[in-house]
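Here is how the chains run, residue by residue.
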Amino acid sequence: MSIKFTKGIEKDNILLLCKWSNERGAIFQEQWMGSEVSFPLTYKKIEELDNKFSIFNEEEFIGMIQEVKIEKDNIHIGRFVLNPTKAGAGLGTKALKEFIDFIFKDDNIRSISLTVFDFNKSARRVYDKLGFEIYEVIETQKLKYIMKKFR
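What comes next concerns the included structure. Everything quoted here is computed from the prediction, not taken from an experiment.

**Here's the deal with the pattern of salt bridges**
One pass over the structure, following the stated rule, counts 11 salt bridges. With a shortest N-O distance of 2.6 Å, Glu30 and Lys142 are connected by a salt bridge. One end of the pair, Glu30, is in helix H2 (residues 26-33); the other, Lys142, is in the loop between strand E6 (133-138) and strand E7 (144-150), with 112 residues separating them in the sequence. We note a salt bridge from Lys69 to Glu71, for which the minimum N-O separation is 3.8 Å.

What follows is the structure in structure tokens.
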């Protein structure tokens, strides 16, 4: 397993993301895209995102992650998704750990935050395992947490 990131996402890989997400449905898409991006997912919706990164295992495109917001010494990440057929192989944990290491190479960054729905138990397990802690609880129609990891 050799994870690497490249800035941006090629057209064919955007189409793969749309296929993975649209086949799984609106709830799956909401888990990784948030509620701001309407279902179904389209090429244009992903193309418009800033600071997005492709995730590869060896040479195979397996997903994406985004630096959603950069504020002073914190980077809020999100829109982290891997090919659903690869779930359970440890790729998500490894990819996120390596992305965290990549972000923390910048000495000015003191923390990384992300938002996760309470019902997204598999994502919560990964975030807990990598040292993220609940920083803020947001009560809307669906309970979600802002989790943070400090250097």
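**Observations regarding the packing of aromatic side chains**
Where two aromatic rings form a pair, the distance of their centres and the angle of their planes describe that pair. On inspection of all chains with the given rule, the structure shows eight aromatic pairs. Considering the side-chain rings of Phe5 and Phe99, the 5.1 Å spacing of their centres and the 55 degrees angle between planes classify their relative orientation as tilted. Of the two residues, Phe5 sits in strand E1 (residues 3-7) while Phe99 sits in helix H4 (residues 91-103), which places them 94 residues apart along the sequence. Between Phe53 and Phe99, the aromatic rings sit 5.3 Å apart at their centres with planes inclined by 70 degrees, giving edge-to-face as the arrangement.

**Overview of unusual backbone geometry**
In the segment running from Phe39 into Pro40, the intervening peptide bond is cis, with an omega of 0 degrees. With respect to the helices, strands and loops of the structure, Pro40 is situated in the loop between H2 and helix H3 (43-47). Within the chain, Lys72 stands out as a residue other than glycine whose phi angle is a positive 40 degrees. Tracing the backbone through its elements, the reader meets Lys72 in the loop between strand E3 (60-71) and strand E4 (74-82). Note on Lys72: relative accessible area 83%, which makes it exposed. Of note, the phi angle at Arg79 is positive, near 50 degrees, even though the residue is not glycine. Judged by relative accessible area, Arg79 falls into the buried class, the value being 13%.

Rules used in this analysis
Residues numbered from 1 in each chain as written. Predicted model: local features only at pLDDT ≥ 70, side-chain atom pairs only at ≥ 80, totals over all residues. Heavy atoms only, no water. Salt bridge = Lys/Arg side-chain N within 4 Å of Asp/Glu carboxyl O. Helix = DSSP H or I, 4+ residues; strand = E, 2+ residues; numbered from the N terminus. Phe/Tyr/Trp six-rings, centres within 6.5 Å; stacked < 30°, edge-to-face > 60°. Buried < 20%, exposed > 50% of the residue type's maximum accessible area, 1.4 Å probe, protein only.

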